Amino acid sequence: MANFRYAPSSLRRAEAFALSVAFSALPSAPGSLAASNWAIDPTRTHIAFAVDAVAYPKTHGEFRQFEGTIVIDLEHPAKSHVAFHVQSASVDVGSSSFNDYLRSQALLDASRFPTIDFSSTSVEKLDDHRVRLTGDLTLLGVTHPLDVDVDVERRPGGGRARFEFTAKTTINRLEFGMNSGFPVISRDVELVISSEAAES
Amino acid sequence: MTLASEKPAERWSAAVVVLHWIGAALILGLLELGWFMVHAETDAARRFDLYQLHKSLGFLALAVLSVRLAARWATRAPAQPSSMPRWERRAASLAHGGLYAASLFAILSGWFVVSAAVVAIPTRFFDLVVVPDLPGVGPAQFDAAATSHLVAVWLLAGVIALHIAAAVKHRFVDRDGVWSRMARWPGRG
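A quick note: this is a predicted structure, and the numbers were derived from the prediction, not measured.

Draft legend 1. Representation of the overall build of chain B. What chain B contains, in helices and strands, is 5 helices and 2 strands. Starting at the N terminus, the α and β elements of chain B follow one another as α-α-α-β-β-α-α. C-alpha atoms of chain B, sized along the principal axes, occupy 55 × 35 × 30 Å. Looking at chain B residue by residue over its 189 residues, the buried ones come to 38%. Working note: accessible area of chain B is about 11200 Å², and carbon and sulfur atoms make up 68% of it. Distance from the positive charge centre (18 side chains) to the negative charge centre (12 side chains) of chain B: 13 Å.

Draft legend 2. Structural context of helix α4 (residues 142-174) of chain B. Residue and element names in this part refer to chain B. Compared with the 48 Å implied by 1.5 Å per residue over 33 residues, the 46 Å span of α4 between its first and last C-alpha is a close match. Restricting attention to buried positions, one finds in α4 the residues Ala145, Ser148, Ala152, Leu156, Val159, Ile160 and His170. Buried residues belonging to α4 abut α1 (14-39) and α3 (86-116). Once α4 ends, the next one or two residues include Arg175, with phi positive near 45°.

Draft legend 3. Spatial organisation of the nonpolar core. Ranked by internal contacts, the top residues of the largest apolar core, which has 44 residues, are A:Phe49, A:Phe63, A:Tyr101, A:Leu108, A:Leu139 and A:Ile171. Apart from residues lying up to four places away in sequence, A:Phe63 is in contact with A:Ile47, A:Phe49, A:Val86, A:Gln87, A:Ser88, A:Ser90, A:Val91, A:Leu108 and A:Ile116. Counting residues in each nonpolar core, the second largest holds 22 residues, with B:Trp12, B:Val17, B:Leu62 and B:Phe125 among its members.

Draft legend 4. Quick look at the packing of aromatic side chains. Tallied over the entire structure, the rule returns 7 aromatic pairs over all chains. Seen in terms of ring centroids, A:Phe66 and A:Phe84 are 6.3 Å apart; in terms of plane orientation they differ by 55°. Their pairing is tilted. One end of the pair, A:Phe66, is in strand β6 (residues 66-72); the other, A:Phe84, is in strand β7 (residues 81-87), and 18 residues separate them in sequence. For the pair A:Phe66 and A:Phe84, a shared accessibility class is recorded, and that class is buried. Between the NZ or CZ atom of B:Arg47 and the centre of the ring of A:Tyr56, over which it lies, the distance is 5.7 Å.

Draft legend 5. Focus on the pairing of strand β4 (residues 46-53) of chain A. Residue and element names in this part refer to chain A. Bridging between β4 and strand β5 (residues 56-63) involves 6 bridges; their strand directions are antiparallel. By the bridge assignment for β5, Val51 is matched with Thr59. Taken together, β4 and the strand that follows it, β5, pair antiparallel across an intervening segment of 2 residues, in which Ala55 is found at a positive phi of about 55°.

Draft legend 6. How the structure looks around α1(B). The terminal C-alpha atoms of α1(B), which comprises 26 residues, lie 38 Å apart, in line with the 38 Å expected from a rise of 1.5 Å per residue. For α1(B), the set of buried residues is B:Val16, B:Val17, B:Leu19, B:His20, B:Gly23, B:Leu26, B:Ile27, B:Leu30, B:Leu33, B:Gly34 and B:Met37.

Draft legend 7. Region of interest: the pairing of β5(A). Where β5(A) and strand β8 (residues 91-92) of chain A come together, 2 bridges link them in antiparallel fashion. The residue of β8(A) that forms the bridge with A:Phe63 is A:Val91.

Draft legend 8. Region of interest: the confidence of the model for chain A. Residues and elements named next belong to chain A. The predicted model of chain A averages 80 in pLDDT, with 77% of residues at 70 or higher. Ignoring residues within four places in sequence, the model shows residues 1-19, a span with pLDDT below 50, making 47 contacts including any to other chains. Across residues 22-36, confidence stays below pLDDT 50; counting only partners more than four residues off in sequence or on other chains, it has 39 contacts.

Draft legend 9. Geometry of the side chain of A:Thr59. Topologically, A:Thr59 is positioned in strand β5. Sequence-distant contacts of A:Thr59, that is, excluding residues within four places in its chain, are made with A:Phe49, A:Ala50, A:Val51, A:Val93, A:Phe98 and B:Ala44.

Draft legend 10. Just the packing of α1(B) against helix α2 (residues 44-74) of chain B, in detail. Residues and elements named next belong to chain B. Running from amino to carboxyl end, α1 crosses α2 at an angle of 155°, the nearest separation of the two axes being 9 Å. As judged from the angle between their axes, α1 and α2 are roughly antiparallel. Note that α1 runs across α2; the crossing there is left-handed. Of the residues that constitute the contact of α1 with α2, the class distribution is 19 nonpolar, 5 polar and 4 charged.

Draft legend 11. Representation of the pattern of salt bridges. In total, this model carries 14 salt bridges over all chains according to the counting rule given. Put simply, A:Asp188 and A:Arg187 hold a salt bridge, and the shortest N to O gap is 3.5 Å. In this structure A:Asp188 comes out as partly exposed when scored by relative accessible area, which is 32%. Across the salt bridge formed by B:Lys169 and B:Glu88, the nearest N and O atoms sit 3.4 Å from each other. With B:Lys169 in helix α4 and B:Glu88 in helix α3, this pair connects stretches of sequence that are 81 residues apart. A cluster of three or more residues bridged by salt bridges with shared partners is formed by A:Asp100, A:Arg103, B:Arg124 and B:Asp127.

Draft legend 12. Broad picture of a nonpolar patch on the surface. A cluster of nonpolar residues, B:Ile164, B:Val168, B:Phe172, B:Val173 and B:Trp179, forms a patch on the protein surface that exposes about 460 Å² of accessible area. The topology assignment puts B:Trp179 in the loop between α4 and α5 (180-183).

The rules behind each value
Residues numbered from 1 in each chain as written. Chains lettered and ligands numbered in written order. Predicted model: local features only at pLDDT ≥ 70, side-chain atom pairs only at ≥ 80, totals over all residues. Heavy atoms only, no water. Helix = DSSP H or I, 4+ residues; strand = E, 2+ residues; numbered from the N terminus. Buried < 20%, exposed > 50% of the residue type's maximum accessible area, 1.4 Å probe, protein only. Areas by Shrake-Rupley, 256 points an atom, 1.4 Å probe, with all protein chains shown as cover. Lys, Arg positive; Asp, Glu negative; His and termini not counted. Charge placed at Lys NZ, Arg CZ, Asp CG, Glu CD. Expected span 1.5 Å × (residues − 1). Contact = heavy atoms within 4.5 Å. Core = buried A, V, L, I, M, F, W, Y, C linked by side-chain atoms within 4.5 Å. Phe/Tyr/Trp six-rings, centres within 6.5 Å; stacked < 30°, edge-to-face > 60°. Lys NZ or Arg CZ within 6 Å of the ring centre and 35° of its normal. Pairing = 2+ DSSP bridges. pLDDT = per-residue confidence, 0-100. Axes fitted to C-alpha atoms, helices over the stretch in contact; angles between N-to-C directions. Parallel < 35°, antiparallel > 145°, perpendicular 65-115°, else oblique. Left-handed = near helix turned anticlockwise from the far one by under 90°. Nonpolar A, V, L, I, M, F, W, Y, C, P; charged D, E, K, R; others polar. Salt bridge = Lys/Arg side-chain N within 4 Å of Asp/Glu carboxyl O. Patch = residues over 30% accessible without salt bridge, like charges linked within 9 Å, V, L, I, M, F, W, Y side chains within 5 Å.

See the structure below:
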């Protein structure tokens, strides 16, 4: 099992960022993740979301600051663990006043609940390209179970091997007590988390 | 103060002229922006900013209108030309009153919409100060608020169209000086 820690010294937009990733080989995956060091590429990691509203364009945004750990060992699932700690104040939808509204007490209440946390409780291999994470999501201090299927793809191209991870899921914000604006603002929030790791 | 013994002014006071044109620009801008922000294909962030700008400009228009009404009250209005038939003079007075009333109705109904919105986004007046919502207003009144704003805005647009048509008639048909006492920079011949 390869294990390593990535701690870039300087990042765009002065993001606080610390990620670590570890893999065991996905034995049957094409170009399997061999037992070597893999670095998550912070510039290619996005924690994005989308929310619908009545008579309003779909709002797309992402969280710019987070910490994450990805340890996947399919031979020893108990050793696998994925965790993300997202700074709720780092929400960015492309408008500073819209960001302020999202950070406010009405929605993310970032001063009271500075992080949104996901921590896996189990990791299951579905096939050569997919794993299922089962875990807990904590938002506004409320914890609910969340299952996420993660696509794992090798990126074509020469040089160092790179793998892409994409996870899509939908959460019901009302379950976490985020009721403001409902039903004009949709109950469902789509989450799209993508990341890329390269052999270092 | 208008005193009965004083002769009517030759032209509008400088304050009224300047506030008329600032108010005109604001109100036409608000009508255009209101239409655009609702109907244009924009992304969510841009639309959010347009709505916030519309709210800030609306409250600026309220401030300008308040000062203008005070200036209108405190200064003498020019007499209407004696060449105007009686009914026209009466219609002009009614239309001017209608412009003030419809402007105020449009702005206050906008405040009503903001206060009743289900998605309660605070009104930050140009990011300087938060304008409070109208007291006692909630989402239950949103439909009434939205309808009243729409009615007010179309009413205002109608009175503005009439006002512009009348001004153009004074300029090109009547040539009675009514146009130039508002359309020329105050103080110039």
